Amino acid sequence: MRFPWYATSSNDGARFLGNNFGKIQTEETDYRTAKQVKRNKIRSVFNKSIAKGNSAKADRIKRNNLGKIKWNNRETSFKGRIKTIVFTATHDLMLNAIKVAFEDLTEAIKSKKPMRKRMKRNVSSWCKGMVADALKQVSTRVGCTVVSVNCAYTSQLDSRFATLTGSRNGDKFTGHDGVVMHSDTNAADNVLARMSDVEITRYMKHSDVKVILLERTQKFRDSIVMEAEAKTGKDKPQTLEPKSSPYE
């Protein structure tokens with residue numbers, strides 16, 4: 001299961017639930033940003049009017065342009081829409097499930113490359129608290145167990161081999177053998193496998209997780225090389241067969 005929507009593993013039919021979550025949130029974030037830019041310009045005029053002693057103009061701006069009624073109503077409507085989508089998708093996810101694994105995304109996402117401002121706004125307003133509440137409440141109602149797992153490198157692993165031998169590009173994950181999978185479904189399969197992984201614990205550092213995964217990847221590559229050598233016969237010792245006599 002992954003955010004911003006729920007992507008289930010291939011064992012659950014590789015379903016996608018709550019698909020409008022990310023779209024609605026991004027649209028609302030962009031609207032708020034544009035609206036705040038305009039309000040800041042108006043507030044600048046308001047402050048200049050006060051500084052010049054034009055209290056009449058300042059009062060008109062405050063009364064007609066800097067109110068919070070429409071802003072608060074839109075905020076309430078947005079939260080209601082998001083809550084409906086999240087709780088409906090969570091209920092559909094857990095309705096017939098016994099145990100559900102999900103990524104532990106409580107910590108801030110760290111990246112070597114600086115994120116763009118728009119991406120920062122989307123990540124910071126990710127409504128993770130509402131999703132966490134939905135997981136807790138719905139699981140209690142339907143009697144489903146939820147398990148949080150370490151999220152390190154779940155998007156970069158090839159779920160078929162549990163190795164770092166593929167590459168992700170958007171919603172496509174391409175394996176070393178050229179097989180293309182949906183990146184979210186591939187990651188969901190890795191999350192499910194991580195639930196039973198005894199070596200990688202929930203609170204393990206991502207650097208320690210990387211060491212374990214690199215060791216597994218190297219063993220996998222070595223096995224591929226050995227298998228290829230076995231097929232070509234390079235590992236078999238060469239023997240000289242006796243020549244047959246022409247007089248026989």
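Scroll up to find the structure.
Residues numbered from 1 in each chain as written. Predicted model: local features only at pLDDT ≥ 70, side-chain atom pairs only at ≥ 80, totals over all residues. Heavy atoms only, no water.

(A) Spatial organisation of the overall build of the protein. The number of helices and strands found in the protein is seven helices and seven strands. Seen in sequence order, the protein has helices and strands lined up from the N terminus as β-β-α-α-α-β-α-α-β-β-β-β-α-α. For the protein, with 248 residues in total, the buried portion stands at 31%. Put simply, 68% of the contacts in the protein that link residues at least 6 apart link residues at least 24 apart. Surface exposure of the protein reaches about 17,000 Å², of which carbon and sulfur atoms provide 54%. (Helix = DSSP H or I, 4+ residues; strand = E, 2+ residues; numbered from the N terminus. Buried < 20%, exposed > 50% of the residue type's maximum accessible area, 1.4 Å probe, protein only. Contact = heavy atoms within 4.5 Å. Areas by Shrake-Rupley, 256 points an atom, 1.4 Å probe, with all protein chains shown as cover.)

(B) The packing of helix α1 (residues 20-52) against helix α2 (residues 55-64), seen in detail. Their axes nearest at 8 Å, the elements α1 and α2 cross at an angle of 155°. Between α1 and α2, the angle falls in the class roughly antiparallel. When you trace α1 past α2, the crossing you get is left-handed. In this structure, α1 contributes Ile42, Val45, Phe46, Ser49 and Ile50 to the contact, and α2 contributes Lys57, Ala58, Ile61 and Lys62. Class assignment of the residues belonging to the contact of α1 with α2 gives a composition of six nonpolar, one polar and two charged. (Axes fitted to C-alpha atoms, helices over the stretch in contact; angles between N-to-C directions. Parallel < 35°, antiparallel > 145°, perpendicular 65-115°, else oblique. Left-handed = near helix turned anticlockwise from the far one by under 90°. Nonpolar A, V, L, I, M, F, W, Y, C, P; charged D, E, K, R; others polar.)

(C) Representation of the pattern of salt bridges within the structure. This structure, assessed with the given rule, holds 11 salt bridges. The residue Asp177 makes a salt bridge to Arg160 at a minimum N-O spacing of 2.8 Å. Of this pair, Asp177 sits in the loop between β6 (172-174) and β7 (180-182) while Arg160 sits in the loop between β4 (145-149) and β5 (167-169), placing them 17 residues apart in sequence. The partly exposed category is assigned to Asp177, whose relative accessible area is 42%. Between Arg216 and Glu199 there is a salt bridge, with its nearest N and O atoms 2.5 Å apart. You can see Arg216 sitting in helix α7 (residues 206-232) and its partner Glu199 sitting in the loop between α6 (183-194) and α7, a full 17 residues away along the chain. For Arg216, a relative accessible area of 23% corresponds to the partly exposed category. Members of the salt-bridge network, linked through shared partners, are Glu28, Arg32, Arg74, Glu75 and Lys79. (Salt bridge = Lys/Arg side-chain N within 4 Å of Asp/Glu carboxyl O.)

(D) Main features of the pairing of strand β3 (residues 99-103). By the criterion of burial, β3 is predominantly enclosed, with four of the five residues buried. Summarising the sheet, β3 and β4 pair through five bridges and their orientation is parallel. Looking across to β4, one finds that Glu103 is bridged to Val149. (Pairing = 2+ DSSP bridges.)

(E) Representation of a positive patch on the surface. A grouping of Lys48, Lys52, Lys57, Arg60 and Arg63 is seen on the molecular surface, where their side chains present a positively charged patch. Put simply, the parts of the chain that give the positive patch at least two residues each are α1 and α2. Of all the elements, α2 adds the most residues to the positive patch, at three residues. Mapping Arg63 onto the fold places it in helix α2. (Patch = residues over 30% accessible without salt bridge, like charges linked within 9 Å, V, L, I, M, F, W, Y side chains within 5 Å. Lys, Arg positive; Asp, Glu negative; His and termini not counted. Charge placed at Lys NZ, Arg CZ, Asp CG, Glu CD.)

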